Amino acid sequence: MARRSCTLLAVVLAVGWFAPARAADEAAIGAQVYRDLVRKGVLVDASPWYAVLNQIGSKIAAVANAQYAYPFRFILVSDKNPNAFAVPGGNIYVTVPMMTFVKTKEELAGVLCHEVAHDIHHDVPQLNRKAQTTNVVAAGLAVLIGGGNNQSLNAILGAGAHLQGLHYARGVEENADTAGARICAQANYNPWGMVWLFASFSKANAGGTFEMLSDHPNDSHRISRLERLFAAEPNAFARFNRNRSSGAPIPGLASLRSQFGDAKPAAPAKRPGY
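Attention here is on the structure that accompanies the text. (Residues numbered from 1 in each chain as written. Predicted model: local features only at pLDDT ≥ 70, side-chain atom pairs only at ≥ 80, totals over all residues. Heavy atoms only, no water.)

Let us now look at the pairing of strand β1 (residues 73-77). Most of β1 is tucked away: four of the five residues are buried. In this sheet, strand β3 (residues 91-95) lies alongside β1 in parallel orientation, the contact comprising five bridges. Counted as the bridge partner of F74 is I92 from β3. (Buried < 20%, exposed > 50% of the residue type's maximum accessible area, 1.4 Å probe, protein only. Helix = DSSP H or I, 4+ residues; strand = E, 2+ residues; numbered from the N terminus. Pairing = 2+ DSSP bridges.)

Here it is as structure tokens:
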């Protein structure tokens with residue numbers, strides 16, 4: 001089922017800066033997206049949420065940086081929906097509502113590990129090359145923003161709701177789930193956090209707003225697939241507790257959620273930048 005999502009992702013898709021994939025340098029792509037998001041005014045410059053995001057992100061980056069040519073950075077963006085997306089060059093963008101939606105460190109780690117895996121797999125450039133031989137680029141934009149035939153959206157095919165319309169999204173997302181779970185385990189974050197978050201989004205009927213939880217494949221399928229992965233690789237996963245009550249609460253989450261859930265508060269912790 002196709003779902004419309006006129007969010008921050010649509011803004012990024014429509015900025016019109018991307019050159020053909022064969023000439024693209026991932027760092028240059030990432031830098032251009034960053035500048036475009038600055039110009040759109042959606043980056044969160046300062047927030048207490050950075051203390052949480054950077055604490056978890058730094059441990060994941062310590063594992064993932066060796067697998068990618070560019071260092072990973074984790075950046076907050078303002079939007080109305082819980083979401084996250086990866087951009088070539090190592091920037092992982094997380095919306096403030098995602099920070100308020102997760103309940104444990106493991107769930108947030110699962111989001112970050114999944115998105116990091118997209119960059120490690122070079123999913124955006126690879127999907128772009130596939131899209132250049134099909135009509136899904138124009139069709140996907142029409143689904144996202146209600147019409148038009150903009151050929152400049154190619155770069156962010158892996159970055160959000162647009163991926164829902166691609167016939168090869170299932171394999172891309174499942175690969176990111178698998179690799180993300182392994183990255184989480186290597187970073188000593190319980191990969192069952194990914195399963196807990198899938199379950200939360202399904203219960204909240206929010207899966208259509210978050211690329212990682214898109215309905216291609218559906219949440220229950222991906223939960224089952226992760227469960228099979230964990231059983232098949234006991235050396236990597238047997239030490240982790242599947243019980244959600246074992247999750248580590250995010251310090252001060254209730255207070256942060258009540259004070260800053262929908263705002264862009266000023267605070268010393270700053271976003272990384274170019």
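Summed over the entire model, instances satisfying the criterion amount to seven salt bridges. One salt bridge in this structure joins E174 and R225, with 3.3 Å as the shortest N-O distance. Of the two residues, E174 sits in helix α8 (residues 169-186) while R225 sits in helix α10 (residues 219-232), which places them 51 residues apart along the sequence. One salt bridge in this structure joins E227 and R242, with 3.2 Å as the shortest N-O distance. A residue pair is termed long-range when its members are at least 10 positions apart, and E227 in helix α10 and R242 in the loop between α11 (234-237) and α12 (253-260) qualify at 15 residues. Each of E173, D177 and R222 takes part in salt bridges that share partners, so that together they form one network. (Salt bridge = Lys/Arg side-chain N within 4 Å of Asp/Glu carboxyl O.)

What follows covers unusual backbone geometry. The backbone of H122 sits at a positive phi, close to 55°, despite the residue not being glycine. The topology assignment puts H122 in the loop between α5 (105-120) and α6 (123-131). Although it is not a glycine, N188 adopts a positive phi angle of roughly 65°. Relative to the assigned elements, N188 resides in the loop between α8 and α9 (192-204). When its relative accessible area of 55% is taken as the criterion, N188 is described as exposed.

So far we have only geometry, and geometry alone does not tell us how the molecule works.
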